[in-house]
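Summary of structural features
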Amino acid sequence: MEKKKNDLPELRTLRTQNDDDLTVSGATLIDVAKVAGVSPITVSRALNQPQLVRPNTVARVQAAVQQTGYVKNMMAGALASNRSKLVSLVLPTISTPIFADMVQAASDHLTQHGYQVLLGLSSYEVWREEILVETILSRRPDGIILTGSVHTDSTRRRLQAARVPVVETWDMTASPIDMMIGFSHEDVGHAIAQHLLERGYRRITILTMPDPRATRRNQGLQAALAKQGIQVAAVQVMPLPSTFQLGREGAATLLESCPDLDAIVCSSDTLAHGVLTEAISRGLQVPQQIAVMGFGDLNFAAHTHPPLSTVRVDGSNIGRLAAQAILDRVDAGNKPVASKVTDTGFQLIQRGST
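Note that the coordinates shown come from a computational prediction; the quantities given were computed from them, not determined experimentally.

1. Some thoughts on the overall build of the protein chain
Counting its secondary structure elements, the protein chain contains 13 helices and 12 strands. A buried classification covers 47% of the 354 residues belonging to the protein chain. For the protein chain, the exposed area adds up to about 17600 Å²; of that, 51% sits on carbon and sulfur atoms.

What follows is the structure, encoded as structure tokens:
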């Protein structure tokens, strides 16, 4: 038994060295060394710890890498350090720009620290997310960033059992899987209701998509209106994903079914842009005859005619905080190091459409 204990570190070392020679391109570390005219150990140092190698030697190794097409096998480092340097980010969709700032900020922050991002798309379906999570966990990621807090029971159990740092984003809940960074959609709904009521709107309608976060905003809106004795005049649900065309079509449906409406609250700026266009094409004055409210403060919102009132969420901040939360947890050996729930808040932006 004592001999096996002594042999174990040597076996691990040999395995790491062998794995380091296996690359996607077929070229090995030894091939690079031969082209560069240096030893394999020098190649390894030049690639992994270039500060320890003379600059001209690093340049020769880099040139040899380009010539041979060598691709480093990251699994070798993962075996040695027990880290994959991979963080997965699961989004509902990339067809709408609302999540773009979060993705960019998280990716930039993780890349600066030597990590790569694996992107998965759930298409707003929790069963798709469940399949994605199972596949992602098989890659042994160092962390997972999810969008929202609605998951299947199987997904929650699997993530809790995996003991991988998990950050749920763009939402707020009292019972996160691990860490939560986002805001309250119900509070967004309350703020929109107060904003419209203060401006005298009473025949308020909703144009939305079957997104659980949008549903919670709508519930918050309706609850706040109900406290003032007002019911939503109509709700129109459009299919995913959110598009300008669906905004126009949804507005037309609402105006036909509820011609005396005086406000349309949209679940996205993209839908709201379509509503503005449809209203103006019908000769309606915005906001005198009809108010339009969006969500997301996308880059065009301030430049529509009239400028769109909306709700601003700092997606870049959410992305940076989520990435840093993963890094902090990894550095701490996956032990809790900070508050589980971080409320990033939101800002209601009043412009010319309300």
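2. Things to note about unusual backbone geometry
With an omega of 10 degrees, the peptide bond between Val286 and Pro287 qualifies as cis. Turning to its location among the elements, Pro287 is positioned in the loop between helix 12 (269-281) and strand 9 (291-293). Here Arg163, not a glycine, exhibits a phi torsion of approximately 55 degrees, which is positive. Residue position: Arg163 is located in the loop between helix 8 (153-162) and strand 4 (166-169). For Trp170, which is not glycine, the phi torsion reads 60 degrees and is therefore positive. The residue Trp170 is located in the loop between strand 4 and strand 5 (179-182) in this model.

3. A few points about the side chain of Ser149
With respect to the helices and strands, the residue Ser149 is situated in the loop between strand 3 (143-147) and helix 8. Judged by its relative accessible area of 14%, Ser149 falls in the buried class. There is a polar contact of 2.9 Å between the side chain of Ser149 and the side chain of Asp171. Among all residues touching Ser149, those that are not within four sequence positions of it are Arg156, Glu168, Asp171, Thr173, Met180 and Arg216.

4. Some remarks on the pattern of salt bridges
This model, assessed by the stated rule, comprises 11 salt bridges. Here Asp171 ties to Arg216 by a salt bridge, and the two come within 2.0 Å at their closest N and O atoms. You can see Asp171 sitting in the loop between strand 4 and strand 5 and its partner Arg216 sitting in helix 10 (residues 212-227), a full 45 residues away along the chain. A salt bridge links Glu278 to Arg282; the nearest nitrogen and oxygen atoms lie 2.8 Å apart. Each member of the salt-bridge network shares a partner with another, and the members are Arg248, Glu256, Glu278 and Arg282.

5. Looking at the packing of helix 6 (residues 100-112) against helix 13 (residues 315-331)
Between two packed helices, both the angle of their axes relative to each other and the distance between the axes serve to describe the pair. Relative to each other, helix 6 and helix 13 sit at 35 degrees, their axes nearing to 7 Å. Remark: the crossing between helix 6 and helix 13 carries right-handed chirality. On the side of helix 6, the interface is formed by Asp101, Met102, Ala105, Ala106, His109 and Leu110, while helix 13 contributes Gly315, Ser316, Ile318, Gly319, Arg320, Ala323, Gln324 and Leu327.

6. Section: a nonpolar patch on the surface
Taken together, the side chains of Ile94, Leu119 and Leu121 define a hydrophobic patch exposed on the protein surface, amounting to about 270 Å² of accessible area. Within the element layout of this structure, Leu119 appears in strand 2 (residues 116-121). Given a relative accessible area of 42%, Leu119 falls into the partly exposed group.

7. Examining empty space enclosed by the protein
Within the structure shown, the criterion is met by 2 cavities of 30 Å³ or more. Its volume calculated, the largest cavity comes out at about 180 Å³. Along the walls of the largest cavity sit 18 residues, with Ile98, Tyr124, Met209, Ser267 and Ser268 positioned nearest its centre. When contributions to the lining of the largest cavity are tallied by element, the ones reaching two or more residues are helix 10 and helix 12. Approximately 60 Å³ is the volume found for the second largest cavity. Lining the second largest cavity are Ile192, Ile206, Leu207, Arg217, Asn218, Leu221, Val265, Cys266, Ser267 and Phe295. Elements represented by at least two residues in the lining of the second largest cavity include exactly strand 6 (204-208), helix 10 and strand 8 (263-266).

Each value, and the rule that gives it
Residue numbers restart at each chain and count upward from 1, following the sequence in its written direction. Restriction of local features to residues with pLDDT of at least 70 applies here, the model being predicted, together with a cutoff of 80 or more for giving and counting side-chain atom pairs; totals for whole chains, interfaces and linings are based on all residues. Just so you know, side-chain values use all the structure's heavy atoms and leave hydrogens and water out. Here a strand is any run of E in DSSP of at least two residues, a helix any run of H or I of at least four, and the numbering for each starts at the N terminus. Each residue is placed in one exposure class: buried if its accessible area under a 1.4 Å probe, protein chains only, is under 20% of its type's maximum, exposed if it is over 50%, and partly exposed if it falls in between. Per-residue and other accessible areas were derived by the Shrake-Rupley procedure at a 1.4 Å probe size, with only the shown protein chains allowed to occlude residues. Identification of polar contacts relies on pairs of N or O atoms within 3.5 Å, with a donor-acceptor requirement for protein atoms, meaning one able to donate a hydrogen and the other able to accept it, and with residues adjacent in sequence counted only if both atoms are side-chain atoms. Residues are treated as being in contact if the distance between any of their heavy atoms lies within 4.5 Å. Only one rule defines a salt bridge in this text: a Lys or Arg side-chain nitrogen within 4 Å of an Asp or Glu carboxyl oxygen. Axes, fitted as lines to C-alpha atoms, cover a helix only where it is in contact. Angles between the N-to-C directions of the axes lie from 0 to 180 degrees. Rotating anticlockwise by less than a right angle from the far helix to the near helix defines a left-handed crossing, while the corresponding clockwise rotation defines a right-handed one. Each patch is assembled from residues with relative accessible area greater than 30% and no salt bridge, linking like charges that lie within 9 Å and nonpolar side chains (Val, Leu, Ile, Met, Phe, Trp, Tyr) that lie within 5 Å. Grid points spaced at 1 Å and placed over the protein atoms alone form the basis of the search, with a cavity being a set where a 1.4 Å probe fits but cannot get out and a pocket an open set showing protein on both sides within 12 Å along at least five of seven lines. Lining residues have an atom within 4 Å of a point. Grid points are joined across faces, edges and corners, and a volume is the space filled by probe spheres set on the points.

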